[in-house]
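# Examining the three-dimensional arrangement
Each chain is listed here by its residues.
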Amino acid sequence: IYNKYIKEGGSRSFNRFVAAGKSVHAIQFSTDYFRHDKLIRAYQDGFGAENLLVLPFELLRTDPVDYMRRIAAFAGNDMPVEQVSSRSVNESSSAVQTELMRYINMLFANDPVFGSARSLSDGLNRKLAHAMAHLDALIPASLNRACDRKLRHTIEEWSLGRFEESNRISSKLIGLDLAKFGYAV
């Protein structure tokens, strides 16, 4: 959600973005988005637990073959899944890209959630985001890793104590130990 906010012209830091709690147009933020147990329970109540398969995205990243096997088995299909591609598609912006775009947005963009006096056309904003993706190849991997660690640390500090109960309930609802996938329970 934060990366989308930046791509759309946002300029606030992660902490200022989540603290504001505003929502405008397609960029909305609510901590409830990460309380997955509520959504899982609503779908189970609506369709029956036996008719719902919930798998963590982390399983797709770590073991795409097992992920696809589980989907196929749930659907009653014995399709061969050994040939699943592990090629990444539509990857998220790197932390360096996100931070650079945030500063560019401060200078030129109209913040889609919080507003500002400046304006940057949607087309130009998309072109800048595209150029930033190519710039990533020139940025040292060590800088990308350092920025990524800093952003992850900020997110971990913010989320500490917020979602453990939801994660425990979600684990029980879907029958998977989410702690094995890095979720705090």
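Residues numbered from 1 in each chain as written. Predicted model: local features only at pLDDT ≥ 70, side-chain atom pairs only at ≥ 80, totals over all residues. Heavy atoms only, no water.

Right, let's get into a nonpolar patch on the surface. On the surface, Y103, M106, L107 and F108 cluster together into a nonpolar patch covering about 410 Å² of accessible area. Classification of M106 by relative accessible area gives partly exposed; the value is 32%. (Patch = residues over 30% accessible without salt bridge, like charges linked within 9 Å, V, L, I, M, F, W, Y side chains within 5 Å. Areas by Shrake-Rupley, 256 points an atom, 1.4 Å probe, with all protein chains shown as cover. Salt bridge = Lys/Arg side-chain N within 4 Å of Asp/Glu carboxyl O. Buried < 20%, exposed > 50% of the residue type's maximum accessible area, 1.4 Å probe, protein only.)

With that out of the way, let us pick up the confidence of the model for the protein chain. A residue-level look at the protein chain finds 81% of positions with pLDDT of 70 or above and a mean pLDDT of 83. The lowest-confidence element of the protein chain is strand 1 (residues 23-24), averaging 50 in pLDDT; the highest-confidence one is helix 9 (residues 164-174), averaging 97. (pLDDT = per-residue confidence, 0-100. Helix = DSSP H or I, 4+ residues; strand = E, 2+ residues; numbered from the N terminus.)

All right, on to the environment of K180 then. Locating K180 in the fold gives a position in the segment after helix 9. K180 sits in the exposed class, given a relative accessible area of 69%. Sequence separation between K180 and E58 is 122 residues, and the spatial gap between their C-alpha atoms is 9.6 Å.

Core analysis: the biggest nonpolar cluster contains 11 residues, these being Y2, Y5, I6, F14, F17, V18, F29, M101, M132, W158 and F163. For this core, the secondary-structure elements that each account for two or more residues are helix 1 (2-7) and helix 2 (14-20). Counting residues in hydrophobic clusters, the runner-up holds 7 residues, among them I40, L55, L59 and L178. (Core = buried A, V, L, I, M, F, W, Y, C linked by side-chain atoms within 4.5 Å.)

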